[in-house]
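Breakdown of the fold
Listed here are the chains, written in short residue letters.
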Amino acid sequence: MQNQESGSVNQDKSESKKSQVYGGLFGWSKYFAVFRNKLRFIIFITALIMSIILFILSYFLVRQHLSSASRDYLTSLGQFKHRQIEDYLHQLKGQMILASRDAVLKGAMDEFAEAFRVIESDSYVLPEYESLYSMITGLESFYSADILPQLDRIPGMDVKLPEVLPFNDKTRIIQFLYIANNHFPSRHKNRMITAGDGSTYTYTHQKYQTYFQELSSNVKVSDILLIDAKSGDIVYTYQKNIDLGRNIFSDLLKGSNLAIACQVALAETGSETTAFSDLELYMPAMFAPAFFIAVPIQDGINKTGLLVFKLSTQHLDNILYGNSVTKENKFLDYDGNIYLVGEDFTYRSNDYRLITSKYDFLRQMESSDFRKRTIEQMDSLNTTANIISLDHVIFEDVLTGYDAMTTFRDAAGDKVFASIHPVVKNGLNWFLIVQTSKKAAMKFADAYMFWGLLFVILLSLIILYFINRISTSIGENLTKLKETINKMISGGKVERLSNGSSDELGETSNYINDLASRIHDASNYAIELADRNLDAVF
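Here we summarise the structure given alongside this text. (Residues numbered from 1 in each chain as written. Predicted model: local features only at pLDDT ≥ 70, side-chain atom pairs only at ≥ 80, totals over all residues. Heavy atoms only, no water.)

1. Section: the environment of Ile420
Keep this limit in mind: Put simply, DSSP H or I for four residues or longer makes a helix, DSSP E for two residues or longer makes a strand, and each gets a number counted from the N terminus. Burial classes: relative accessible area under 20% of the type maximum marks a residue as buried, over 50% as exposed, and values in between as partly exposed (1.4 Å probe, protein chains only). Any pair of residues with heavy atoms lying within 4.5 Å of one another is described as a contacting pair.
Among the structural elements, Ile420 can be located in strand β9 (residues 415-423). Accessibility expressed as a relative area gives 1% for Ile420, which makes it buried. Distance from Ile420 to Gly78, taken between C-alpha atoms, is 7.3 Å for residues 342 residues apart in sequence. In contact with Ile420, not counting residues within four places along its chain, are Ile394, Phe395, Val398, Asp403, Ala404, Thr406, Phe431, Leu432 and Ile433.

This is the structure in C-alpha coordinates:
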(Lines give C-alpha, C1' and ligand atoms only; values in the text may rest on other atoms or scores of the structure.)
Protein backbone atom coordinates (compact mmCIF):
# COMPACT_ATOMS: atom_id res chain seq x y z
CA MET A 1 0.00 0.00 0.00
CA GLN A 2 2.77 2.35 0.90
CA ASN A 3 4.62 1.44 -2.31
CA GLN A 4 1.49 2.20 -4.36
CA GLU A 5 1.08 5.60 -2.71
CA SER A 6 4.78 6.28 -3.27
CA GLY A 7 4.46 5.34 -6.97
CA SER A 8 1.39 7.53 -7.38
CA VAL A 9 3.19 10.46 -5.83
CA ASN A 10 6.21 9.93 -8.10
CA GLN A 11 3.96 9.73 -11.16
CA ASP A 12 2.22 12.97 -10.19
CA LYS A 13 5.58 14.63 -9.71
CA SER A 14 6.76 13.33 -13.13
CA GLU A 15 3.66 14.63 -14.89
CA SER A 16 3.93 17.92 -13.05
CA LYS A 17 7.57 18.18 -14.04
CA LYS A 18 6.73 17.40 -17.70
CA SER A 19 4.02 20.04 -17.64
CA GLN A 20 6.46 22.57 -16.23
CA VAL A 21 9.10 21.66 -18.80
CA TYR A 22 6.77 21.88 -21.80
CA GLY A 23 5.02 24.90 -20.40
CA GLY A 24 8.33 26.60 -19.79
CA LEU A 25 9.65 25.53 -23.20
CA PHE A 26 6.81 26.78 -25.30
CA GLY A 27 4.94 29.03 -22.91
CA TRP A 28 1.70 28.60 -24.85
CA SER A 29 -0.51 27.43 -22.01
CA LYS A 30 0.64 30.26 -19.74
CA TYR A 31 0.35 32.79 -22.57
CA PHE A 32 -3.16 31.77 -23.59
CA ALA A 33 -4.34 31.66 -19.98
CA VAL A 34 -4.81 35.41 -20.32
CA PHE A 35 -7.90 36.48 -22.27
CA ARG A 36 -6.25 39.51 -23.86
CA ASN A 37 -3.52 37.27 -25.36
CA LYS A 38 -6.12 34.98 -26.87
CA LEU A 39 -7.83 38.01 -28.33
CA ARG A 40 -4.56 39.37 -29.70
CA PHE A 41 -3.68 36.05 -31.28
CA ILE A 42 -7.07 35.48 -32.91
CA ILE A 43 -7.32 38.98 -34.37
CA PHE A 44 -3.70 39.03 -35.50
CA ILE A 45 -3.84 35.61 -37.20
CA THR A 46 -7.13 36.53 -38.90
CA ALA A 47 -5.73 39.82 -40.19
CA LEU A 48 -2.48 38.17 -41.27
CA ILE A 49 -4.24 35.40 -43.17
CA MET A 50 -6.50 37.92 -44.92
CA SER A 51 -3.50 40.07 -45.85
CA ILE A 52 -1.60 37.10 -47.23
CA ILE A 53 -4.61 35.91 -49.23
CA LEU A 54 -5.14 39.38 -50.72
CA PHE A 55 -1.43 39.65 -51.48
CA ILE A 56 -1.30 36.26 -53.21
CA LEU A 57 -4.39 37.05 -55.27
CA SER A 58 -3.03 40.45 -56.31
CA TYR A 59 0.39 38.91 -57.10
CA PHE A 60 -1.10 36.37 -59.47
CA LEU A 61 -3.29 39.04 -61.04
CA VAL A 62 -0.16 41.13 -61.65
CA ARG A 63 1.63 38.11 -63.18
CA GLN A 64 -1.36 37.38 -65.38
CA HIS A 65 -1.52 40.99 -66.54
CA LEU A 66 2.23 41.12 -67.26
CA SER A 67 2.10 37.82 -69.13
CA SER A 68 -0.84 39.02 -71.22
CA ALA A 69 0.81 42.38 -71.94
CA SER A 70 4.08 40.68 -72.86
CA ARG A 71 2.34 38.26 -75.21
CA ASP A 72 0.38 41.05 -76.87
CA TYR A 73 3.56 43.06 -77.40
CA LEU A 74 5.44 40.05 -78.80
CA THR A 75 2.60 39.31 -81.21
CA SER A 76 2.41 42.93 -82.35
CA LEU A 77 6.18 43.24 -82.81
CA GLY A 78 6.30 39.86 -84.57
CA GLN A 79 3.62 40.89 -87.06
CA PHE A 80 5.47 44.14 -87.70
CA LYS A 81 8.78 42.36 -88.30
CA HIS A 82 7.07 39.76 -90.46
CA ARG A 83 5.73 42.48 -92.73
CA GLN A 84 9.17 44.13 -92.82
CA ILE A 85 10.86 40.93 -93.97
CA GLU A 86 8.24 40.22 -96.62
CA ASP A 87 8.34 43.84 -97.82
CA TYR A 88 12.14 43.72 -98.00
CA LEU A 89 12.17 40.50 -100.03
CA HIS A 90 9.36 41.79 -102.26
CA GLN A 91 11.27 45.03 -102.86
CA LEU A 92 14.47 43.12 -103.58
CA LYS A 93 12.60 40.90 -105.99
CA GLY A 94 11.27 43.95 -107.85
CA GLN A 95 14.76 45.50 -108.02
CA MET A 96 16.16 42.27 -109.46
CA ILE A 97 13.49 42.06 -112.13
CA LEU A 98 14.11 45.68 -113.15
CA ALA A 99 17.88 45.14 -113.18
CA SER A 100 17.57 41.99 -115.30
CA ARG A 101 15.68 44.01 -117.93
CA ASP A 102 18.28 46.76 -118.01
CA ALA A 103 20.00 46.95 -121.39
CA VAL A 104 23.38 47.61 -119.77
CA LEU A 105 23.14 44.50 -117.62
CA LYS A 106 22.00 42.39 -120.58
CA GLY A 107 24.98 43.66 -122.53
CA ALA A 108 27.29 42.83 -119.59
CA MET A 109 25.85 39.31 -119.41
CA ASP A 110 26.46 38.64 -123.09
CA GLU A 111 29.95 40.16 -123.11
CA PHE A 112 31.16 38.43 -119.94
CA ALA A 113 29.79 35.07 -121.13
CA GLU A 114 31.55 35.36 -124.49
CA ALA A 115 34.80 36.65 -122.97
CA PHE A 116 34.87 33.75 -120.50
CA ARG A 117 34.28 31.20 -123.27
CA VAL A 118 37.32 32.39 -125.26
CA ILE A 119 39.66 33.26 -122.37
CA GLU A 120 41.94 30.28 -123.00
CA SER A 121 42.70 31.50 -126.52
CA ASP A 122 42.84 35.17 -125.55
CA SER A 123 45.76 37.38 -124.45
CA TYR A 124 45.54 36.65 -120.74
CA VAL A 125 49.25 36.44 -119.93
CA LEU A 126 51.05 38.99 -117.79
CA PRO A 127 54.67 40.13 -118.06
CA GLU A 128 55.61 38.27 -114.85
CA TYR A 129 53.39 35.26 -115.65
CA GLU A 130 53.89 34.42 -119.30
CA SER A 131 52.44 30.91 -119.26
CA LEU A 132 49.37 29.06 -118.03
CA TYR A 133 51.58 26.80 -115.93
CA SER A 134 53.07 29.70 -114.01
CA MET A 135 49.56 31.03 -113.35
CA ILE A 136 48.34 27.63 -112.12
CA THR A 137 51.38 27.38 -109.84
CA GLY A 138 50.70 30.87 -108.51
CA LEU A 139 47.02 30.02 -107.97
CA GLU A 140 47.88 26.85 -106.01
CA SER A 141 50.29 28.83 -103.86
CA PHE A 142 47.57 31.38 -103.19
CA TYR A 143 45.09 28.69 -102.16
CA SER A 144 47.65 27.05 -99.89
CA ALA A 145 48.77 30.29 -98.24
CA ASP A 146 45.48 32.24 -98.11
CA ILE A 147 42.36 30.16 -98.73
CA LEU A 148 43.09 26.93 -96.84
CA PRO A 149 44.09 28.67 -93.58
CA GLN A 150 40.79 30.55 -93.60
CA LEU A 151 38.86 27.33 -94.20
CA ASP A 152 40.84 25.33 -91.65
CA ARG A 153 40.05 27.77 -88.85
CA ILE A 154 36.45 26.55 -88.93
CA PRO A 155 36.12 23.52 -86.58
CA GLY A 156 34.60 20.49 -88.23
CA MET A 157 35.21 21.76 -91.79
CA ASP A 158 37.99 19.46 -92.94
CA VAL A 159 38.83 20.84 -96.39
CA LYS A 160 41.69 19.51 -98.52
CA LEU A 161 43.49 21.50 -101.22
CA PRO A 162 42.43 19.21 -104.14
CA GLU A 163 38.79 19.64 -103.11
CA VAL A 164 38.81 23.41 -103.56
CA LEU A 165 41.32 23.96 -106.37
CA PRO A 166 39.62 24.63 -109.71
CA PHE A 167 40.32 21.97 -112.33
CA ASN A 168 39.11 23.96 -115.35
CA ASP A 169 41.72 26.10 -117.13
CA LYS A 170 39.26 28.92 -117.79
CA THR A 171 38.45 29.07 -114.09
CA ARG A 172 42.14 28.94 -113.20
CA ILE A 173 42.98 31.85 -115.49
CA ILE A 174 40.13 34.07 -114.27
CA GLN A 175 40.78 33.28 -110.61
CA PHE A 176 44.47 33.94 -110.94
CA LEU A 177 43.93 37.29 -112.69
CA TYR A 178 41.22 38.62 -110.36
CA ILE A 179 41.79 36.78 -107.06
CA ALA A 180 45.29 35.35 -106.63
CA ASN A 181 47.09 38.20 -108.39
CA ASN A 182 44.75 40.82 -106.96
CA HIS A 183 46.84 43.03 -104.67
CA PHE A 184 43.79 44.21 -102.69
CA PRO A 185 43.22 42.41 -99.37
CA SER A 186 40.62 39.73 -98.82
CA ARG A 187 37.01 41.05 -98.87
CA HIS A 188 38.15 44.12 -100.78
CA LYS A 189 39.21 42.48 -104.04
CA ASN A 190 36.19 44.06 -105.74
CA ARG A 191 38.24 47.28 -105.86
CA MET A 192 40.30 45.91 -108.73
CA ILE A 193 39.09 47.41 -111.97
CA THR A 194 41.56 45.77 -114.38
CA ALA A 195 43.92 42.82 -114.12
CA GLY A 196 46.39 44.45 -116.51
CA ASP A 197 46.31 41.73 -119.18
CA GLY A 198 45.14 42.15 -122.77
CA SER A 199 42.16 39.81 -122.74
CA THR A 200 38.62 40.65 -123.80
CA TYR A 201 37.51 39.61 -120.33
CA THR A 202 39.65 42.27 -118.67
CA TYR A 203 38.36 44.85 -121.14
CA THR A 204 34.78 43.86 -120.29
CA HIS A 205 35.55 43.90 -116.58
CA GLN A 206 37.02 47.39 -116.78
CA LYS A 207 33.94 48.50 -118.67
CA TYR A 208 31.30 47.19 -116.23
CA GLN A 209 32.89 46.94 -112.76
CA THR A 210 31.84 50.45 -111.73
CA TYR A 211 28.31 49.72 -112.99
CA PHE A 212 28.02 46.72 -110.70
CA GLN A 213 29.60 48.70 -107.89
CA GLU A 214 26.76 51.22 -108.14
CA LEU A 215 24.16 48.44 -108.46
CA SER A 216 25.51 46.68 -105.37
CA SER A 217 25.45 49.94 -103.41
CA ASN A 218 21.89 50.75 -104.51
CA VAL A 219 20.32 47.37 -103.77
CA LYS A 220 22.60 46.72 -100.75
CA VAL A 221 23.56 43.10 -101.38
CA SER A 222 26.71 41.17 -100.49
CA ASP A 223 27.57 40.07 -103.99
CA ILE A 224 26.30 40.04 -107.56
CA LEU A 225 26.83 37.05 -109.85
CA LEU A 226 26.29 36.57 -113.58
CA ILE A 227 25.81 32.97 -114.70
CA ASP A 228 25.79 31.67 -118.26
CA ALA A 229 22.43 29.93 -118.73
CA LYS A 230 23.79 27.45 -121.28
CA SER A 231 26.95 26.29 -119.52
CA GLY A 232 26.20 27.09 -115.87
CA ASP A 233 29.53 28.96 -115.55
CA ILE A 234 29.73 31.87 -113.11
CA VAL A 235 31.28 34.32 -115.54
CA TYR A 236 31.33 37.30 -113.19
CA THR A 237 31.21 38.06 -109.46
CA TYR A 238 31.41 41.50 -107.95
CA GLN A 239 33.20 40.49 -104.75
CA LYS A 240 35.71 38.09 -106.36
CA ASN A 241 35.23 35.13 -104.06
CA ILE A 242 36.49 31.71 -105.13
CA ASP A 243 33.15 30.93 -106.80
CA LEU A 244 34.29 33.10 -109.75
CA GLY A 245 34.60 30.93 -112.86
CA ARG A 246 33.05 27.88 -111.19
CA ASN A 247 30.23 25.83 -112.66
CA ILE A 248 26.99 25.48 -110.68
CA PHE A 249 26.32 22.00 -112.10
CA SER A 250 29.69 20.52 -111.16
CA ASP A 251 32.75 21.24 -109.07
CA LEU A 252 32.25 22.26 -105.43
CA LEU A 253 28.98 24.15 -106.11
CA LYS A 254 27.08 21.09 -107.26
CA GLY A 255 24.08 20.53 -105.03
CA SER A 256 24.54 23.85 -103.22
CA ASN A 257 21.58 26.11 -102.45
CA LEU A 258 22.92 28.50 -105.09
CA ALA A 259 22.76 25.75 -107.72
CA ILE A 260 19.26 24.74 -106.64
CA ALA A 261 17.96 28.33 -106.89
CA CYS A 262 19.54 28.71 -110.35
CA GLN A 263 18.00 25.48 -111.58
CA VAL A 264 14.57 26.60 -110.37
CA ALA A 265 14.95 29.99 -112.07
CA LEU A 266 15.98 28.34 -115.35
CA ALA A 267 13.16 25.79 -115.21
CA GLU A 268 10.28 28.15 -114.46
CA THR A 269 8.51 30.22 -117.10
CA GLY A 270 7.13 33.70 -116.78
CA SER A 271 8.34 37.24 -117.18
CA GLU A 272 8.82 37.80 -113.45
CA THR A 273 10.36 34.50 -112.44
CA THR A 274 12.53 34.65 -109.33
CA ALA A 275 13.95 31.87 -107.19
CA PHE A 276 15.04 32.18 -103.56
CA SER A 277 17.49 29.79 -101.97
CA ASP A 278 17.62 28.83 -98.32
CA LEU A 279 20.46 30.09 -96.14
CA GLU A 280 23.61 27.94 -96.10
CA LEU A 281 27.19 28.08 -94.88
CA TYR A 282 28.62 29.08 -98.26
CA MET A 283 32.10 27.62 -98.66
CA PRO A 284 33.34 30.02 -101.40
CA ALA A 285 32.72 32.86 -98.91
CA MET A 286 34.75 31.05 -96.24
CA PHE A 287 31.61 29.36 -94.90
CA ALA A 288 29.93 32.68 -94.14
CA PRO A 289 26.12 32.17 -94.12
CA ALA A 290 24.46 33.31 -97.34
CA PHE A 291 21.29 32.94 -99.35
CA PHE A 292 20.63 33.76 -102.99
CA ILE A 293 17.98 35.20 -105.25
CA ALA A 294 18.17 34.29 -108.92
CA VAL A 295 16.30 35.85 -111.83
CA PRO A 296 16.66 34.98 -115.53
CA ILE A 297 18.17 37.44 -118.00
CA GLN A 298 16.16 37.06 -121.18
CA ASP A 299 16.64 37.97 -124.83
CA GLY A 300 13.07 37.74 -126.04
CA ILE A 301 11.88 34.31 -124.94
CA ASN A 302 15.39 32.90 -124.58
CA LYS A 303 17.16 32.83 -121.22
CA THR A 304 20.73 33.89 -121.88
CA GLY A 305 21.87 34.06 -118.28
CA LEU A 306 21.04 34.48 -114.63
CA LEU A 307 21.39 37.51 -112.40
CA VAL A 308 22.03 36.38 -108.81
CA PHE A 309 22.09 38.48 -105.66
CA LYS A 310 23.88 37.05 -102.65
CA LEU A 311 22.72 38.19 -99.23
CA SER A 312 24.25 37.59 -95.82
CA THR A 313 22.80 37.34 -92.33
CA GLN A 314 23.74 40.99 -91.87
CA HIS A 315 20.92 41.98 -94.21
CA LEU A 316 18.47 40.01 -92.10
CA ASP A 317 19.96 41.38 -88.88
CA ASN A 318 19.47 44.94 -90.15
CA ILE A 319 15.77 44.24 -90.56
CA LEU A 320 15.38 42.38 -87.28
CA TYR A 321 17.39 44.77 -85.09
CA GLY A 322 17.96 48.00 -86.93
CA ASN A 323 14.64 49.85 -87.09
CA SER A 324 13.40 52.69 -84.96
CA VAL A 325 10.57 50.69 -83.35
CA THR A 326 13.00 48.19 -81.84
CA LYS A 327 15.44 50.84 -80.67
CA GLU A 328 12.85 53.19 -79.18
CA ASN A 329 11.23 50.44 -77.15
CA LYS A 330 14.62 49.06 -76.07
CA PHE A 331 13.11 45.61 -76.46
CA LEU A 332 16.44 43.96 -77.21
CA ASP A 333 18.18 45.64 -74.28
CA TYR A 334 15.85 43.93 -71.81
CA ASP A 335 16.41 40.26 -72.69
CA GLY A 336 14.41 40.46 -75.91
CA ASN A 337 15.45 38.57 -79.02
CA ILE A 338 14.37 38.29 -82.66
CA TYR A 339 15.63 35.66 -85.07
CA LEU A 340 14.72 33.42 -87.98
CA VAL A 341 14.60 29.63 -88.01
CA GLY A 342 14.47 27.36 -91.06
CA GLU A 343 12.25 24.38 -91.77
CA ASP A 344 14.98 22.16 -90.30
CA PHE A 345 14.54 24.20 -87.04
CA THR A 346 18.05 25.64 -87.34
CA TYR A 347 18.80 29.35 -87.04
CA ARG A 348 18.73 31.40 -90.25
CA SER A 349 19.93 34.62 -88.63
CA ASN A 350 22.15 35.71 -85.77
CA ASP A 351 21.18 35.57 -82.15
CA TYR A 352 21.21 39.12 -80.78
CA ARG A 353 23.16 38.01 -77.73
CA LEU A 354 26.02 36.82 -79.93
CA ILE A 355 26.24 40.26 -81.53
CA THR A 356 26.12 42.32 -78.35
CA SER A 357 27.82 40.08 -75.76
CA LYS A 358 29.55 37.26 -77.57
CA TYR A 359 31.74 36.05 -74.68
CA ASP A 360 28.85 35.83 -72.20
CA PHE A 361 26.61 34.16 -74.76
CA LEU A 362 29.18 31.49 -75.62
CA ARG A 363 29.74 30.79 -71.92
CA GLN A 364 26.00 30.43 -71.49
CA MET A 365 25.90 28.01 -74.42
CA GLU A 366 28.65 25.94 -72.79
CA SER A 367 26.52 25.59 -69.66
CA SER A 368 23.59 24.47 -71.86
CA ASP A 369 25.46 21.29 -72.88
CA PHE A 370 26.07 22.32 -76.48
CA ARG A 371 28.78 20.39 -78.24
CA LYS A 372 32.19 21.97 -78.06
CA ARG A 373 32.48 21.94 -81.86
CA THR A 374 29.21 23.85 -82.23
CA ILE A 375 30.40 26.57 -79.87
CA GLU A 376 33.78 26.75 -81.64
CA GLN A 377 32.00 27.15 -84.99
CA MET A 378 29.92 30.02 -83.63
CA ASP A 379 33.08 31.61 -82.28
CA SER A 380 35.02 31.21 -85.54
CA LEU A 381 32.25 32.21 -87.93
CA ASN A 382 30.75 34.78 -85.57
CA THR A 383 27.25 33.57 -86.36
CA THR A 384 24.51 31.29 -85.11
CA ALA A 385 22.98 30.79 -88.58
CA ASN A 386 22.95 27.17 -89.77
CA ILE A 387 24.68 26.13 -86.54
CA ILE A 388 22.20 26.24 -83.62
CA SER A 389 19.07 24.09 -83.74
CA LEU A 390 15.89 24.24 -81.67
CA ASP A 391 13.59 21.45 -80.56
CA HIS A 392 11.02 20.68 -83.26
CA VAL A 393 8.30 20.37 -80.59
CA ILE A 394 8.36 24.17 -80.26
CA PHE A 395 6.93 24.55 -83.77
CA GLU A 396 4.09 22.02 -83.64
CA ASP A 397 1.41 24.71 -83.28
CA VAL A 398 2.80 26.87 -86.09
CA LEU A 399 3.41 24.19 -88.74
CA THR A 400 -0.19 24.66 -89.87
CA GLY A 401 0.78 28.08 -91.22
CA TYR A 402 -0.69 30.26 -88.48
CA ASP A 403 0.97 32.48 -85.89
CA ALA A 404 1.38 30.98 -82.44
CA MET A 405 2.29 31.99 -78.90
CA THR A 406 4.31 29.56 -76.84
CA THR A 407 6.69 29.17 -73.93
CA PHE A 408 9.90 27.18 -74.22
CA ARG A 409 13.56 27.05 -73.29
CA ASP A 410 15.67 28.68 -75.98
CA ALA A 411 19.09 27.64 -77.23
CA ALA A 412 20.82 29.22 -74.24
CA GLY A 413 18.52 27.47 -71.77
CA ASP A 414 16.47 30.56 -70.84
CA LYS A 415 12.74 30.12 -70.35
CA VAL A 416 11.02 32.54 -72.73
CA PHE A 417 7.68 33.78 -73.98
CA ALA A 418 7.73 33.66 -77.78
CA SER A 419 5.59 34.69 -80.71
CA ILE A 420 6.22 32.55 -83.83
CA HIS A 421 5.25 33.68 -87.32
CA PRO A 422 5.67 31.57 -90.49
CA VAL A 423 7.56 33.26 -93.36
CA VAL A 424 6.39 31.09 -96.24
CA LYS A 425 6.52 33.37 -99.25
CA ASN A 426 9.09 32.88 -102.03
CA GLY A 427 9.54 29.24 -101.00
CA LEU A 428 11.68 30.05 -97.95
CA ASN A 429 9.66 28.21 -95.27
CA TRP A 430 11.19 30.13 -92.39
CA PHE A 431 9.83 30.96 -88.96
CA LEU A 432 10.20 34.36 -87.34
CA ILE A 433 10.60 34.14 -83.57
CA VAL A 434 10.16 37.15 -81.32
CA GLN A 435 10.89 36.25 -77.73
CA THR A 436 11.54 37.75 -74.34
CA SER A 437 12.95 36.18 -71.22
CA LYS A 438 10.20 35.08 -68.86
CA LYS A 439 12.36 36.36 -66.03
CA ALA A 440 12.54 39.81 -67.64
CA ALA A 441 8.82 39.84 -68.41
CA MET A 442 8.01 38.95 -64.81
CA LYS A 443 10.61 41.29 -63.34
CA PHE A 444 7.97 43.73 -62.11
CA ALA A 445 6.02 40.84 -60.54
CA ASP A 446 9.13 39.76 -58.66
CA ALA A 447 9.63 43.32 -57.45
CA TYR A 448 5.95 43.42 -56.52
CA MET A 449 6.42 40.24 -54.49
CA PHE A 450 9.34 41.74 -52.58
CA TRP A 451 7.62 45.03 -51.82
CA GLY A 452 4.32 43.26 -51.26
CA LEU A 453 5.83 41.00 -48.62
CA LEU A 454 7.46 44.03 -47.05
CA PHE A 455 4.08 45.77 -47.01
CA VAL A 456 2.39 42.72 -45.46
CA ILE A 457 5.03 42.64 -42.72
CA LEU A 458 4.64 46.38 -42.09
CA LEU A 459 0.87 46.08 -42.13
CA SER A 460 1.08 43.16 -39.69
CA LEU A 461 3.16 45.25 -37.30
CA ILE A 462 0.67 48.12 -37.52
CA ILE A 463 -2.24 45.72 -36.94
CA LEU A 464 -0.35 44.17 -34.04
CA TYR A 465 0.18 47.61 -32.51
CA PHE A 466 -3.52 48.49 -32.63
CA ILE A 467 -4.53 45.01 -31.50
CA ASN A 468 -2.19 45.39 -28.54
CA ARG A 469 -3.73 48.75 -27.62
CA ILE A 470 -7.28 47.47 -27.95
CA SER A 471 -6.62 44.19 -26.16
CA THR A 472 -4.74 46.01 -23.39
CA SER A 473 -7.72 48.31 -22.88
CA ILE A 474 -10.10 45.36 -22.82
CA GLY A 475 -7.79 43.43 -20.52
CA GLU A 476 -7.54 46.34 -18.09
CA ASN A 477 -11.32 46.65 -17.95
CA LEU A 478 -11.70 42.92 -17.39
CA THR A 479 -9.06 43.08 -14.63
CA LYS A 480 -10.99 45.86 -12.89
CA LEU A 481 -14.17 43.82 -13.17
CA LYS A 482 -12.41 40.81 -11.69
CA GLU A 483 -10.94 42.83 -8.82
CA THR A 484 -14.30 44.41 -8.08
CA ILE A 485 -16.02 41.03 -8.00
CA ASN A 486 -13.27 39.64 -5.71
CA LYS A 487 -13.77 42.57 -3.32
CA MET A 488 -17.49 41.99 -3.41
CA ILE A 489 -16.97 38.32 -2.54
CA SER A 490 -14.56 39.12 0.29
CA GLY A 491 -16.85 41.83 1.61
CA GLY A 492 -14.36 44.62 1.07
CA LYS A 493 -15.16 48.16 0.18
CA VAL A 494 -15.92 48.42 -3.57
CA GLU A 495 -15.15 51.57 -5.50
CA ARG A 496 -17.41 52.52 -8.29
CA LEU A 497 -16.09 51.43 -11.73
CA SER A 498 -15.48 54.23 -14.17
CA ASN A 499 -17.42 53.75 -17.41
CA GLY A 500 -15.71 55.24 -20.40
CA SER A 501 -17.48 53.30 -23.12
CA SER A 502 -20.94 52.21 -24.17
CA ASP A 503 -19.97 48.74 -25.37
CA GLU A 504 -20.69 45.40 -23.65
CA LEU A 505 -17.91 45.99 -21.12
CA GLY A 506 -19.37 49.40 -20.29
CA GLU A 507 -22.83 47.90 -19.75
CA THR A 508 -21.30 45.12 -17.61
CA SER A 509 -19.52 47.77 -15.51
CA ASN A 510 -22.88 49.49 -14.94
CA TYR A 511 -24.42 46.20 -13.85
CA ILE A 512 -21.50 45.55 -11.48
CA ASN A 513 -21.85 49.05 -10.06
CA ASP A 514 -25.58 48.47 -9.52
CA LEU A 515 -24.91 45.08 -8.00
CA ALA A 516 -22.21 46.50 -5.69
CA SER A 517 -24.61 49.27 -4.64
CA ARG A 518 -27.38 46.74 -3.86
CA ILE A 519 -24.96 44.53 -1.93
CA HIS A 520 -23.75 47.54 0.03
CA ASP A 521 -27.35 48.54 0.80
CA ALA A 522 -28.20 44.96 1.79
CA SER A 523 -25.13 44.85 4.02
CA ASN A 524 -26.16 48.10 5.79
CA TYR A 525 -29.69 46.82 6.19
CA ALA A 526 -28.41 43.61 7.70
CA ILE A 527 -26.31 45.62 10.15
CA GLU A 528 -29.32 47.70 11.14
CA LEU A 529 -31.34 44.58 11.72
CA ALA A 530 -28.52 43.14 13.75
CA ASP A 531 -28.72 46.26 15.97
CA ARG A 532 -32.46 45.55 16.40
CA ASN A 533 -33.37 48.62 14.40
CA LEU A 534 -36.54 47.16 12.98
CA ASP A 535 -37.64 50.47 11.56
CA ALA A 536 -34.79 50.49 8.96
CA VAL A 537 -35.90 50.55 5.32
CA PHE A 538 -34.14 48.43 2.64
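And the narrative resumes.
2. Considering the pairing of β9
Note on strand geometry: in a regular strand, side chains alternate between the two faces of the sheet. Selection criterion: When DSSP finds two or more bridges between a pair of strands, those strands are recorded as paired.
β9 sits mainly inside the fold: eight of its nine residues count as buried. Sheet topology note: the strand β8 (residues 404-409)/β9 ladder contains six bridges and is antiparallel. If you follow Thr407 over to β9, its bridge partner there is Phe417. Where β8 hands over to β9, the hairpin turn is made up of five residues, of which Gly413 adopts a positive phi near 90 degrees. The pairing of β9 with strand β10 (residues 430-437) spans eight bridges and is antiparallel.

3. Overview of the packing of aromatic side chains
Filter applied, for reference: What counts as a ring pair is set by centres within 6.5 Å for rings of Phe, Tyr and Trp (its six-membered ring), and what kind of pair is set by the plane angle: stacked under 30 degrees, edge-to-face over 60, tilted for all other angles.
Applying the stated criterion across every chain, the model contains 14 aromatic pairs. Summarising the aromatic geometry, the rings of Tyr282 and Phe292 are spaced 4.9 Å apart at their centres and angled 70 degrees between planes, so their arrangement reads as edge-to-face. Of this pair, Tyr282 sits in strand β4 (residues 280-282) while Phe292 is found in strand β5 (residues 288-299), placing the two residues 10 residues apart along the sequence. Each member of the pair, Tyr282 as well as Phe292, is classed as buried. With a centroid separation of 5.1 Å and 20 degrees between ring planes, the pair formed by Phe345 and Phe395 is classed as stacked. Separated by 50 residues along the polypeptide, Phe345 in the loop between β7 (336-341) and α12 (352-356) and Phe395 in the loop between α14 (372-381) and β8 bring together distant segments of the chain.

4. Examining the layout of surface pockets
Note the following rule: Only protein atoms enter the 1 Å grid used here, on which a cavity is any set of points holding a 1.4 Å probe that cannot leave and a pocket is any open set flanked by protein within 12 Å on both sides along at least five of seven lines; residues with an atom within 4 Å of a point are listed as lining. Grid points are joined across faces, edges and corners, and a volume is the space filled by probe spheres set on the points. Residues were grouped as follows: Ala, Val, Leu, Ile, Met, Phe, Trp, Tyr, Cys and Pro as nonpolar; Asp, Glu, Lys and Arg as charged; and all remaining residues, including Gly, as polar.
The computed volume of the largest pocket comes to approximately 1200 Å³. Lining the largest pocket are 46 residues; nearest its centre among them are Ser222, Ala288, Lys310, Ser312 and Gln314. If you list the elements that add at least two residues to the lining of the largest pocket, you get α3 (35-100), α5 (132-152), α8 (200-219), β5, β6 (302-312), α10 (313-321), α12 and α14. Ranked by residues supplied to the lining of the largest pocket, first place goes to α10 with six residues. Its residues assigned to classes, the lining of the largest pocket shows 18 nonpolar, 20 polar and eight charged.

5. Concerning the environment of Ala288
Of note, Ala288 is situated in strand β5. By relative accessible area, Ala288 is classed as partly exposed at 31%.

6. What about the sheet that holds β10?
Rules: Angles run from 0 to 180 degrees between N-to-C directions of axes, and those axes are lines fitted to C-alpha atoms, restricted for helices to the stretch in contact.
Taking strand neighbours across the sheet as the criterion, the four strands line up as β7-β10-β9-β8 in an open arrangement whose pairing is antiparallel. One side of each edge strand has no neighbouring strand; the edge strands of this open sheet are β7 and β8. On average, adjacent strands in this sheet sit at an angle of 30 degrees to one another, irrespective of strand direction. Packed on one face of the sheet, α10 meets β7 and β10 and runs near 140 degrees to β7.

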